[in-house]
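One letter stands for each residue in the lines below.
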Amino acid sequence: MLPIRNNKTTEIDSVLVSRKGVFCIEIKRWSGHVSGTDEDEYWYQRYDDGRKSKTLRNPVKQNDNHCDVLEKLFNDKYLVDNIVLFVGLESDRGIYSKYAYTLRQFERYYRDLDNDLDIDDVSDIAMKLASYQATYKELEEHKDRVKRDHQA
């Protein structure tokens, strides 16, 4: 949970910190067929079993905001990679994104990266982030707040 403006917070699913860099990871457990591009405001989810299709906020843009918050937290000293990780998709053929991956795709991408950070940077980043680790209660309060804000 990271602070943003007006005493609000934003919830980041996961941050991976390693010698290869800092990765802000938005995890999506969407199923069916998803389509969208990095520039679209909304992505579309379609099912083969007759369930109603959905229009969803673009997860790349959502996570781009999280990346900005993290970079500000580090005083713009480190670049934060935007990663949207899809687990359980039947097909990623409709997704045209530089930032969206299946688990297998991300594994290949990550493996091929060079080491950009030294071990002291990794340690400093991890220690800074540790102080923002949310408790279960804080996460529940955040989810309730988000629901209230979106209902208004």
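Residue indices follow the written sequence of each chain, beginning from 1 at its first position. Where local features are concerned, this predicted model is filtered to residues with pLDDT of at least 70; where side-chain atom pairs are given and counted, the filter is 80 or more; whole-chain, interface and lining totals use all residues. With hydrogens and water stripped out, all remaining heavy atoms of the structure feed into the side-chain values.

Q: Even after reading the chapter, I still don't get the nonpolar core, so can you show me in this structure?
A: The nonpolar side chains of soluble globular proteins are, as a tendency, buried together. Counting 15 residues, the largest nonpolar core has V22, L70, F74, V80 and I125 as the members making the most contacts within it. Runs of H or I in DSSP of at least four residues are treated as helices and runs of E of at least two as strands, each being numbered from the N terminus. Sorting the residues of this core by element identifies β4 (21–28), α1 (59–73) and α3 (119–130) as the ones contributing at least two each. Whether two residues are in contact is decided by their heavy atoms, any of which lying within 4.5 Å being enough. When residues no more than four places from it in sequence are discounted, the contact partners of L70 are L2, I12, V15, C24, V80 and L129. Residues W43, V60, L89 and I95 belong to the second largest nonpolar core, which totals 10 residues. Only buried residues count toward a nonpolar core, which is a set of Ala, Val, Leu, Ile, Met, Phe, Trp, Tyr and Cys residues joined through side-chain atoms within 4.5 Å. Using a 1.4 Å probe on the protein chains alone, a residue whose accessible area is under 20% of its type maximum counts as buried, one over 50% counts as exposed, and one in between counts as partly exposed.

Q: How should I be thinking about α3 in this particular structure?
A: An α-helical turn contains 3.6 residues, so a residue and the one three or four places further along point in the same direction. The terminal C-alpha atoms of α3 lie 16 Å apart, and with 12 residues this matches the ideal 16 Å at 1.5 Å per residue to within 8%. Taken residue by residue, α3 has D121, V122, I125 and L129 as its buried positions. Across the axial projection of α3, the buried residues extend over an arc of 100°, all falling on one side. Turned more than 90 degrees away from the buried face of α3 sit I119, D120, M127 and A130, all of them exposed. Those residues of α3 that are buried lie in contact with β3 (14–18), β4 and α1. Where α3 begins, the capping side chain belongs to D118, and its oxygen is found 3.0 Å from the backbone nitrogen of D120. Between the first and last residue of a helix there are one fewer steps than residues, each counted as 1.5 Å, and that sum is the expected span. Throughout, the arc means the angular range of directions from the helix axis out to the C-beta atoms. By the criterion applied in these results, polar contacts are pairs of N or O atoms within 3.5 Å in which, for protein atoms, one can donate a hydrogen and the other can accept it, and in which residues neighboring in sequence qualify only through two side-chain atoms.

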